[in-house]
Amino acid sequence: MSVDHYENFPVASLLCPSHLRPAVGAIYWFARTADDLADEGDATPARRQADLEAFRRDLQAVAAGAPASVRWPQVFEPLGRAMTRFAMPTAPFQDLLSAFEQDVVKTRYADRAELLDYCRRSAAPIGRLLLHLYEVRDDRSLVRSDAICIALQLANFWQDLGVDTQRARLYPPLSDCARHGVDPEDILARRDSPSSRALVADLVCWARTLMLSGAPLVHAVPGRAGFELRLVVQGGLRILEKIDRMNHATLQARPRLRGIDAPVMLWRALCMRAQAPPMASEST
């Protein structure tokens, strides 16, 4: 299966300790499969909801130590092993499913608070699960992880602004659209304008602030995984930088990371220094 639309998600890379790679892969395939149930193909909303409910029942089964159905063995067999071996909590997986179920029925967000509520269930659980595997569980690290994951998702939203319109999805909060004088229907029609670019610039600034508030987490994650997290942070910041450089015209074109970006990201990752900025909760 192609993973092109998960290009910003690091999947069990060489920097991940070998004993954790199966668990990281299990988390990925759980999220990827549920996301596809909510988004991919031409199923009706009712069919998608039914499939996600069946997916949830299989999650509850493996969490209780019982066998799942035969529909998704490639997901729940490795996930069941990982949950048992690492005593992984069920709540983050439930939160992910809640967000994917919301994707089926909700396509607009009134304000930033409403969008953040969605991101706390669709993005933050991934970071919390990975921190659980690395045995990093203090409150400050969890808050910073949430900030990084939410910033990554916001960066992906603004990167894919012209793509999401094909699903009639509108992630820029309506309150932000109103503040910049942008008609939401113009975004869905991909009508580029100075006002829409000013809106994207504002949203990019929001995502960057969140990312920087969470960035000190890289110094709390041990070993090679900490360096991988540096690259994740720098990848998100690089996407936001590319949006800036194209004058925020993501309704017209989609920026993406390429091989030429790797040396820049690597150098910036190496240059990240430990510091003690304020907690991310206020920025979030």
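Just so we're clear, the structure is a prediction, and the values are computed from it rather than from any experiment. Starting afresh in each chain, residues are numbered from 1 along the sequence in its written order. A pLDDT threshold of at least 70 governs which residues receive local features in this predicted model, and a stricter bar of 80 or more applies before side-chain atom pairs are shown or counted, although totals over entire chains, interfaces and linings include all residues. As a rule here, side-chain values come from all non-hydrogen atoms in the structure, and water together with hydrogens is ignored.

1. What about the environment of phenylalanine 86?
So, point 1. Strands are runs of DSSP state E lasting at least 2 residues, helices are runs of H or I lasting at least 4, and numbering of each runs from the N terminus. Residue position: phenylalanine 86 is located in helix α3 (residues 73-86).
So, point 2. Accessibility here uses a 1.4 Å probe with only protein chains present; expressed as a share of the type maximum, an area under 20% marks a residue as buried, one over 50% as exposed, and anything in between as partly exposed. Exposure remark for phenylalanine 86: the relative accessible area of 17% places this residue in the buried category.
So, point 3. Spatially, the C-alpha atom of phenylalanine 86 lies 24 Å from that of alanine 54, the residues being 32 residues apart in sequence.
So, point 4. Here, two residues are considered to be in contact whenever any of their heavy atoms come within 4.5 Å of each other. Not counting residues within four places of it along the chain, the set of residues in contact with phenylalanine 86 comprises His19, Leu20, Ala23, His132 and Leu133.

2. Remarks on the environment of alanine 91
So, point 1. Secondary-structure assignment places alanine 91 in helix α4 (residues 91-105).
So, point 2. By relative accessible area, which is 48% here, alanine 91 ends up partly exposed.
So, point 3. Taking the C-alpha atoms as reference points, alanine 91 and proline 17, 74 residues apart in sequence, are found 24 Å from one another.

3. Let's talk about the nonpolar core
So, point 1. What we call a nonpolar core is a set of buried Ala, Val, Leu, Ile, Met, Phe, Trp, Tyr and Cys residues that are connected through their side-chain atoms within 4.5 Å. Within the largest apolar cluster, 79 residues are counted, with the highest numbers of intra-cluster contacts made by Phe30, Leu115, Leu154 and Trp158.
So, point 2. Per element, the largest residue contribution to this core is ten residues, and it comes from helix α7 (residues 139-159).
So, point 3. Setting aside anything within four residues of it in sequence, one finds leucine 115 in contact with Tyr109, Leu154, Phe157, Trp158, Tyr171, Pro173 and Trp206.

4. So, the packing of aromatic side chains
So, point 1. Between rings of Phe, Tyr and Trp, where Trp is taken as its six-membered ring, a pair exists when centres lie within 6.5 Å; planes separated by under 30 degrees are stacked, by over 60 edge-to-face, and by other angles tilted. In the structure shown here, the tally under the stated rule is 13 aromatic pairs.
So, point 2. A centroid spacing of 3.8 Å and a plane angle of 5° characterise the contact between phenylalanine 157 and tyrosine 171, whose relative ring orientation is stacked. With phenylalanine 157 in helix α7 and tyrosine 171 in the loop between α8 (161-164) and α9 (174-179), this residue pair connects regions lying 14 residues apart in the sequence. No difference in accessibility class separates phenylalanine 157 from tyrosine 171, as the two residues are buried.
So, point 3. Distance and angle both matter: a charge sits over a ring if NZ of Lys or CZ of Arg is within 6 Å of the ring centre and within 35 degrees of the ring normal. Residue placement shows lysine 106 over the ring face of tyrosine 109; its charged tip is 5.2 Å from the ring centre.
So, point 4. If you follow arginine 112 out to its NZ or CZ, it ends over the ring of tryptophan 206, 4.4 Å from the centre.

5. A closer look at α7
So, point 1. To estimate the expected span of a helix, count its residues, drop one, and scale the result by 1.5 Å. Taking 1.5 Å per residue, 21 residues should reach 30 Å; α7 reaches 30 Å between its end C-alpha atoms and fits that length.
So, point 2. Of all 21 residues in α7, 17 are buried, a share of seventy percent or more.

6. Observations regarding the pattern of salt bridges
So, point 1. The salt bridge criterion pairs a side-chain nitrogen of Lys or Arg with a carboxyl oxygen of Asp or Glu, the two atoms within 4 Å. By the definition in use, this model includes 24 salt bridges.
So, point 2. The salt bridge involving glutamate 40 is made with arginine 167; its shortest N-O contact spans 3.2 Å. With glutamate 40 in the loop between α1 (21-39) and α2 (45-63) and arginine 167 in the loop between α8 and α9, this residue pair connects regions lying 127 residues apart in the sequence.
So, point 3. Look at glutamate 40 and you get partly exposed, because its relative accessible area is 34%.
So, point 4. For arginine 167, a relative accessible area of 37% translates into the label partly exposed.
So, point 5. The network of salt bridges with shared partners includes Arg238, Glu241, Lys242, Arg245, Asp261 and Arg268.

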